[in-house]
Amino acid sequence: MNEKVTIGLVQLKCGEDIAANVEYTTEKIKEAAAKGAQIICLQELFNAQYCGQSVDVNLYDTAEPIDSPTLVAMSELAKKLEVVLIVPFYEKAGRGVYFNSTAVYDADGTYLGTTRKNHIPHAPQYEEKYYFTPGNTGYPVYETRYGKIGIGICWDEWFPEVARILALQGAEIMFYPSAIGSDYDNPQLSLRPAWEKAISAHGISNGVFIAASNRVGREKDMTFFGGSFVSNPLGDILQSLDDQEGILIQKVNLKEIDFARNLLQFLRDRRTDTYDLLLQQEAFQINKRY
């Protein structure tokens, strides 16, 4: 396997017309492939505006099964372009059962599997518990033509445990499709600096490359800040986008993982025998002072 891999991140606005979003994204995937991208990641829930701002029963109708025309077309596109495609979508897994999911297609169009979002937020403008069942796929790692990859979907990306599990299973590049922004009237509350720091830090702690893709533009009361980026195993931001639409193309050398892990032996020096508190949901209350 060639140790040099070219990552492509697609950062777009989403309109209200789902079919138009799919068509527009398809053209951007082709553009990314023409620029040399081998693994292309789209933003969270790529084909529709972010549903979590409010509660609306009608939005359940926008979910689709893994064999929907949209996903079949993505498989065919991956095969045609010989790229690995990471496709986040609103999944209908059964009657009344919905997940925030990401399908992975290898460079020959083979469906490698689906990662379902595990951590489901509940906060103002992030009413995701209404729309999504917590994931049941665990944290799979996919061995693609161009390298081993793991995926954490938006809120998952903030949790260090997710990154560690993916690294222990062999992930070399962690992809984080996202839909994160700020209240349109309070742009100073943007989490972009913290978002970038927290996620790139996973690269340091685990000695891996990080690739995070976010959407942009205003949707109802939210403004999505973009900022898609790729960082190396020492946490350096190799390239990032601003708050406009764009395609990020970044070549990485997987040999850098060896260097980083030899320098910082976090995986060797773990003390799993001391981590029992991690399995206790109420652990934060222990020794709490009032």
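Everything below is about the structure printed above this text.
Each residue is numbered by its place in its chain's sequence as written, counting from 1. Restriction of local features to residues with pLDDT of at least 70 applies here, the model being predicted, together with a cutoff of 80 or more for giving and counting side-chain atom pairs; totals for whole chains, interfaces and linings are based on all residues. In computing side-chain properties, one takes all heavy atoms of the structure into account and sets aside hydrogens as well as water.

### Let's talk about the overall build of the protein
So, step 1. What the protein contains, in helices and strands, is five helices and 17 strands.
So, step 2. With C-alpha atoms as the basis for the radius of gyration, the globule rule is written as 2.2 Å multiplied by the number of residues raised to the power 0.38. The globule rule puts the C-alpha radius of gyration for 290 residues at 19 Å, and the 18 Å found for the protein is close to it.
So, step 3. When its C-alpha atoms are laid out on the principal axes, the protein stretches across 55 × 50 × 40 Å.
So, step 4. Classification of residues uses two cut-offs on accessible area relative to the type maximum, computed with a 1.4 Å probe and protein chains only: under 20% is buried, over 50% is exposed, and between them is partly exposed. A total of 290 residues make up the protein; the buried ones form 50% of that total.
So, step 5. Residue contacts are defined here by distance: any two heavy atoms, one from each residue, within 4.5 Å place the two residues in contact. Considering only residue pairs separated by 6 or more positions, the protein has 69% of its internal contacts joining residues 24 or more positions apart.
So, step 6. The protein chains shown are the only cover counted for residues, whose accessible areas, like all others here, come from Shrake-Rupley with a 1.4 Å probe. Looking at the protein as shown, the accessible area adds up to about 13,700 Å², and 50% of this sits on carbon and sulfur atoms.
So, step 7. In this tally, Lys and Arg are treated as positive and Asp and Glu as negative; His is ignored, and so are the chain termini. Charged groups are reduced to one reference atom each: NZ for lysine, CZ for arginine, CG for aspartic acid, CD for glutamic acid. Separation of charge centres in the protein, based on 28 positive and 38 negative side chains, amounts to 4 Å. Under the DSSP-based scheme used, a helix requires at least four consecutive residues in state H or I and a strand at least two consecutive residues in state E, with every element numbered from the N terminus.

### As for the packing of aromatic side chains
So, step 1. Any two of the Phe, Tyr and Trp rings considered here, Trp counted by its six-membered ring, make a pair once their centres fall within 6.5 Å; the pair's planes then place it as stacked at under 30 degrees, edge-to-face at over 60, or tilted in between. With the rule as written, the count across this model stands at 14 aromatic pairs.
So, step 2. Relative to F132, the ring of Y131 lies with its centre 6.3 Å away and its plane at 50 degrees, an arrangement referred to as tilted. Of the two residues examined, Y131 and F132, each falls in the buried class.
So, step 3. For the pair W195 and F225, a centre-to-centre distance of 5.6 Å together with 65 degrees between the ring planes defines the contact as edge-to-face. Separated by 30 residues along the polypeptide, W195 in helix 4 (residues 192-206) and F225 in strand 14 (residues 222-225) bring together distant segments of the chain.
So, step 4. Accessibility expressed as a relative area gives 0% for W195, which makes it buried.
So, step 5. The exposure class of F225 is buried, given its relative accessible area of 9%.
So, step 6. Chaining the aromatic ring pairs together yields one cluster made of Y60, Y90, Y98, Y130, Y131 and F132.

### Let's talk about the sheet that holds strand 9 (residues 147-151)
So, step 1. Strand pairing is assigned whenever DSSP detects at least two bridges linking the two strands. Ordered in space as 8-9-10-12-15-16, the six strands form an open sheet in which the pairing is mixed. Sheet topology places strand 8 (141-144) and strand 16 (237-240) at the edges, where each strand pairs with a single neighbour. For this sheet, the mean inter-axis angle between neighbouring strands, taken without regard to orientation, is 20 degrees.
So, step 2. As paired elements, strand 15 (residues 229-231) and strand 16 share three bridges and run antiparallel to each other. Counterpart to V230 in the pairing with strand 16 is Q239.
So, step 3. Where helices are involved, their axes are fitted lines through C-alpha atoms of the stretch in contact, as for all axes, and angles between N-to-C directions lie from 0 to 180°. Against the sheet, helix 3 (residues 160-168) touches strand 8, strand 9 and strand 10 (173-177), its axis set at about 140 degrees to strand 10.

### Some remarks on the environment of A34
So, step 1. Relative to the elements of secondary structure, A34 occurs in helix 1 (residues 18-34).
So, step 2. When its relative accessible area of 70% is taken as the criterion, A34 is described as exposed.
So, step 3. Spatially, the C-alpha atoms of A34 and L241 are 19 Å apart, while their sequence positions differ by 207 residues.

### What about the sheet that holds strand 1 (residues 4-11)?
So, step 1. Spatially, the six strands line up as an open sheet ordered 5-4-3-2-1-17, and their pairing is mixed. Only two strands of the sheet have a single partner each, and these edge strands are strand 5 (111-116) and strand 17 (246-253). For this sheet the average axis-to-axis angle between neighbouring strands, irrespective of direction, equals 30 degrees.
So, step 2. As judged from the five bridges shared by strand 4 (residues 97-105) and strand 5, these two strands associate in the antiparallel manner. Of the residues in strand 5, the one forming a bridge with T102 is T115.
So, step 3. Across the sheet, helix 2 (residues 69-81) is in contact with strand 3 (84-94) and strand 4; its angle to strand 3 comes to roughly 160 degrees.

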